[in-house]
Amino acid sequence: MFNKKMAREQYIPFDKEFLLEQQISTVTAEEADGYKRLFDILEHYFHYEAFNLIRTLKHNYAAFDPDISEKERTDFLGKSDLSQFKKSLLTVLERGNYSLVEQSVLDAAFEESDLIGLQMAIDFNDFNDYGLYTRGLKKKTETVTKFFFWEKNVAFEYYDRVLIYLKYNDATYFKGKKTNVDKLPFSPDSIVLKIFKNVPKNDLETIFPNAIPKMSTIDKLLLWVPGIAGGISLLSAKVIPALIGMYKEYKSGVLIDISIHKTALTQGLIALGILGGYLFRQYSNFVNKKIKFAKMLSDSLYFKNLGNNSGAFYSLLNSSEEEELKETILAYTFLQKSKKPLTANELDNQIETWFNNSLQTD
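Caption draft 1: Representation of the confidence of the model for the protein. Averaged over the protein, the pLDDT score is 81; the fraction of residues at 70 or greater is 71%. Confidence scores differ between elements of the protein, with helix 7 (residues 217-252) showing the lowest mean pLDDT of 59 and helix 4 (residues 82-95) the highest of 94. Low pLDDT (under 50) marks residues 3-7, which in the prediction has 13 contacts with non-local residues, meaning those over four places away or in another chain.

Caption draft 2: Layout of helix 5 (residues 103-111). Looking at helix 5, one finds that the buried residues are Val 105, Leu 106, Ala 109 and Phe 110. Projected down its long axis, helix 5 carries its buried residues within an arc of 150°, all on one side. Away from its buried face, by an angle of more than 90 degrees, helix 5 presents the exposed residues Ser 104 and Glu 111.

Caption draft 3: Empty space enclosed by the protein, seen in detail. Overall, the coordinates contain 3 cavities of 30 Å³ or more when judged by the stated rule. Each pocket or cavity is described by its volume, and for the second largest cavity that value is around 50 Å³. Taken together, Phe 46, Glu 49, Ala 50, Leu 53, Arg 95, Ser 320, Glu 321 and Glu 324 form the lining of the second largest cavity. Looking at the lining of the second largest cavity, the elements that each hand over two or more residues are helix 2 (29-61) and helix 9 (312-337). In terms of residues, the lining of the second largest cavity owes the most to one element, helix 2, which gives 4 residues. Partitioning the lining of the second largest cavity into residue classes produces 3 nonpolar, 1 polar and 4 charged.

Caption draft 4: Region of interest: the packing of helix 9 against helix 10 (residues 344-359). At their nearest, the axes of helix 9 and helix 10 sit 10 Å apart, and the two run at 105° to each other. One way to sum up the angle between helix 9 and helix 10 is to call them roughly perpendicular. Residues Leu 330, Ala 331, Phe 334 and Leu 335 of helix 9 touch helix 10, and the partners they reach there are Leu 347, Gln 350, Ile 351, Trp 354 and Phe 355. Among the residues making up the contact of helix 9 with helix 10, the classes are represented as 8 nonpolar, 1 polar and no charged.

Caption draft 5: Looking closely at the side chain of Asn 309. Inspection of the secondary structure puts Asn 309 in the loop between strand 7 (305-308) and helix 9. Judged by relative accessible area, which is 7%, Asn 309 ranks as buried. In this structure the side chain of Asn 309 is engaged in a polar contact, spanning 2.8 Å, whose partner is the side chain of Asp 67. Contacts of Asn 309, omitting those with residues within four sequence positions, involve Tyr 61, Asp 65, Pro 66, Asp 67, Ile 191, Val 192 and Leu 193.

Rules of the game
- Residues numbered from 1 in each chain as written.
- Predicted model: local features only at pLDDT ≥ 70, side-chain atom pairs only at ≥ 80, totals over all residues.
- Heavy atoms only, no water.
- pLDDT = per-residue confidence, 0-100.
- Helix = DSSP H or I, 4+ residues; strand = E, 2+ residues; numbered from the N terminus.
- Contact = heavy atoms within 4.5 Å.
- Buried < 20%, exposed > 50% of the residue type's maximum accessible area, 1.4 Å probe, protein only.
- Arc of directions from axis to C-beta.
- 1 Å grid on protein atoms, 1.4 Å probe; cavity = no way out; pocket = protein on both sides within 12 Å on 5 of 7 lines; lining within 4 Å.
- Points joined across faces, edges and corners; volume = space filled by probe spheres on them.
- Nonpolar A, V, L, I, M, F, W, Y, C, P; charged D, E, K, R; others polar.
- Axes fitted to C-alpha atoms, helices over the stretch in contact; angles between N-to-C directions.
- Parallel < 35°, antiparallel > 145°, perpendicular 65-115°, else oblique.
- Polar contact = N/O pair within 3.5 Å; in protein donor to acceptor, adjacent residues only side chain to side chain.

Written out as structure tokens, the structure reads:
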């Protein structure tokens, strides 16, 4: 995982035009026009910086881009610099106010799921390097169905944006696992980038492409404990004694009287059938959860996915330009309005207070 950690979240959940209008609403028309011209120039400057960044990103990503032909990727071997690519990507993420997800947050997502109630198994050994970057943590309430009919309101946190970075191991690693490299759904040694919106914090693990649903401890207990305990109890109390009795009669040469054992056998087999139905229902519950997970994953890919691989650069750079300009608008206008010089902390506190009082946003 990238070693560099980012500062605390500074994402501003408002449009730059809205923030500018808020700041110039109390000044004269002439001053407002001056502000607009200044920030128009600065926006062009940030856009020029972004143009240079995307050129660097695309050049150093080409050898790892799974969306271009094998020949193109081969041509860029030795020309694309992985360390320079990661450095440039981190620069864009920092400017866009994305933060690295701590391992403890990802571990918690494995232990607890807000919406699907499934535990995931992910083979992290497939990756040479990986990282999740998020911004805009919000709260939401959603209705989920429990026990087929009981609906429950679940309050959960979700991220406005999530970028997943995956650097796969090379082909040698997968051949060592006796895997047919030609049938892999990805290119070994490639880098996969995906941006999603509105991802629940406790379902972060679901955006990994190799996430596989597995039975939780509770699911296993509900399936196996009643099955083993009930099965042994029914067999020992009903079926086995009847079969032993029939066997003894057979060995002694006595004609087997089915009517004597019929009731016990019938009761035992009916009870086993009921037990089998219970086990089938418990397993069906797990299968239904897997189907729900597959649908949620399909919805995420179709409705929540905002960009893949090199296509993700444009979304990231656009958001980094926006964040840079929003911060500049706020910093400049607050400094301009202040009657005395401000330190960085004083400026930050004034802006945070304004967000709280004017926009009810922390």
